[in-house]
There are 2 protein chains.
Amino acid sequence: MAVDYDVMSARCPSRVVLHRIGARWTVFVVNALEHGPMRFTALVDRIQGVTPKVLTETLRAMEEDGLLARVEYTEQPPRVEYGLTDLGQSLLVPLRAVREWAESHVPEILEARERAQAARQH
Amino acid sequence: MAVDYDVMSARCPSRVVLHRIGARWTVFVVNALEHGPMRFTALVDRIQGVTPKVLTETLRAMEEDGLLARVEYTEQPPRVEYGLTDLGQSLLVPLRAVREWAESHVPEILEARERAQAARQH
DNA sequence: CTGAATCCAAACCGATACTG
DNA sequence: CAGTATCGGTTTGGATTCAG
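- As named in an unreviewed UniProt entry, chain A is Helix-turn-helix transcriptional regulator, taken from Amycolatopsis rubida.

Below, the structure written as structure tokens:
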């Protein structure tokens, strides 16, 4: 398996891809959808602190990248659901790991910050 | 293993941690240091496109979070090296996976974008 | 319900130049 | 070598309001 792309190169397309993944809310959306499609309002509720505007922008960008599919049901009342595509599912694997790392290493990081803070007192 | 932190909660400390990880250049620095400590200039060269200013800021933040250690050698000429701490090493695992995902899925994403672009022509 | 529109503030980032 | 200083521009995010 040859490595054709290198994120360390300034103009490599993978750089752009990595940038998109690193966008503020992408990791939250991917993780929120891990158990299946959700409605817009449900996503807003689940991802606390995100505004409709920003969520919309994130969703649009991810849809454009083929990470998720928007399904519109022509019912009464109307309903829209967002779900991960196969590509999005594959991204879920590493992004779930990142989320889990963040959740499980909070104490160490908070301690490190306090130590740094204390060191600055001198 | 109980889950004490939840990134979906607006005020959870893990949210801040995830934010730091997601900062523009953190993923690049962690990956660049995977094989051992490097000097400042070597990092600037390896991570193409990063400016000294931004790299310095990233390095300082990561040091404060206990992700990396700055070692100053009192030689002539002076030398400074940055290396991952144990905590940083543990973060390398998921972040390397993210980098590899980005590098290996570029074609699919570029195709998806072209499809989206073509669809908008109508 | 699912967003779109608008406005504003802050964060972020790059370019450039300079220092011990 | 290893940064710092300054500046400004772009991007981003939040608040709010409104609409199909």
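What about the overall build of chain A?
- Per the secondary structure count, chain A includes six helices and three strands.
- Helices and strands appear in chain A in the N-to-C order α-α-β-α-α-β-β-α-α.
- The C-alpha radius of gyration computed for chain A amounts to 18 Å, which surpasses the reference 14 Å derived for 122 residues by more than 25%, pointing to a less compact arrangement than a globule.
- Along the longest, intermediate and shortest principal axes, the C-alpha atoms of chain A span 65 × 40 × 25 Å.
- Looking at the 122 residues of chain A, the share that counts as buried comes to 42%.
- Accessible area of chain A: about 6800 Å², with a carbon and sulfur share of 52%.
- Between the centroid of the 15 positive side chains of chain A and the centroid of its 17 negative side chains there is a distance of 6 Å.

Observations concerning the protein's contact with DNA strand C
- Surveying the vicinity of DNA strand C reveals 15 residues, the closest of which are Thr41(A), Arg70(A), Tyr82(A), Arg24(B) and Lys53(B).
- A breakdown of the atoms of DNA strand C within 4 Å of the protein gives sugar and phosphate a share of 76%.
- Arg60(A) places a polar side-chain atom, nitrogen or oxygen, 3.3 Å from a phosphate oxygen of DNA strand C.
- Within the contact set of DNA strand C, a phosphate oxygen lies 3.4 Å away from a backbone nitrogen or oxygen of Val80(A).
- Among the elements that make up the surface near DNA strand C, the one with the highest residue count is helix α4 (residues 52-64) of chain A (three residues).

Observations concerning the interface of chain A and chain B
- Between chain A and chain B, the residue contacts involve 52 residues of the former and 52 residues of the latter.
- Interface area, chain A with chain B, both sides summed: about 4500 Å², of which 70% is carbon and sulfur.
- When residues of chain A are sorted by the area they lose upon contact with chain B, Met8(A), Trp101(A) and Arg113(A) head the list and together hold 17% of the total.
- Where chain A packs against chain B, one counts two salt bridges.

Here we look at unusual backbone geometry
- Here the amide bond leading from Gln76(A) into Pro77(A) is cis, since omega sits at 5°, within 30 degrees of zero.
- Mapped onto the elements of the fold, Pro77(A) is located in the loop between β2 (68-73) and β3 (79-84).

Let's talk about the relation of the copies chain A and chain B
- Mapping chain A onto chain B calls for a rotation angle of 180° and an axial translation of 0.0 Å; the resulting RMSD is 0.0 Å. Taken together, the turn and the small shift mark the pair as related by a two-fold rotation axis. Residues of chain A ranked by C-alpha distance from the rotation axis are headed by Gly22(A), positioned 2.7 Å from it.
- An overlap of 100% is found between the interface residues of chain A and their copies at the interface of chain B, pointing to a shared contact surface.

Overview of the pattern of salt bridges
All names here are of chain A.
- The final tally for this structure, using the stated rule, is 18 salt bridges over all chains.
- One salt bridge in this structure joins Arg20 and Asp65, with 2.8 Å as the shortest N-O distance. Of this pair, Arg20 sits in helix α1 (residues 13-21) while Asp65 sits in the loop between α4 and β2, placing them 45 residues apart in sequence.
- A relative accessible area of 2% places Asp65 in the buried class.
- Here Glu103 makes a salt bridge to Arg99, at a shortest N to O gap of 3.7 Å. A residue pair is termed a helical-turn pair when its members lie 3 or 4 positions apart in one helix, as Glu103 and Arg99 do in helix α5 (residues 86-104) at four residues. There is no split in this pair, since Glu103 and Arg99 are both buried.
- One salt-bridge network, in which partners are shared between bridges, spans Glu34, Arg96, Arg99, Glu100 and Glu103.

Each value, and the rule that gives it
Residues numbered from 1 in each chain as written. Chains lettered and ligands numbered in written order. Predicted model: local features only at pLDDT ≥ 70, side-chain atom pairs only at ≥ 80, totals over all residues. Heavy atoms only, no water. Helix = DSSP H or I, 4+ residues; strand = E, 2+ residues; numbered from the N terminus. Rg over C-alpha atoms; globule rule 2.2 N^0.38 Å. Buried < 20%, exposed > 50% of the residue type's maximum accessible area, 1.4 Å probe, protein only. Areas by Shrake-Rupley, 256 points an atom, 1.4 Å probe, with all protein chains shown as cover. Lys, Arg positive; Asp, Glu negative; His and termini not counted. Charge placed at Lys NZ, Arg CZ, Asp CG, Glu CD. Near = heavy atom within 4 Å. Polar contact = N/O pair within 3.5 Å; in protein donor to acceptor, adjacent residues only side chain to side chain. Contact = heavy atoms within 4.5 Å. Buried area = accessible area lost by both parts, 1.4 Å probe. Salt bridge = Lys/Arg side-chain N within 4 Å of Asp/Glu carboxyl O. Least-squares fit on C-alpha atoms with pLDDT ≥ 70 in both.

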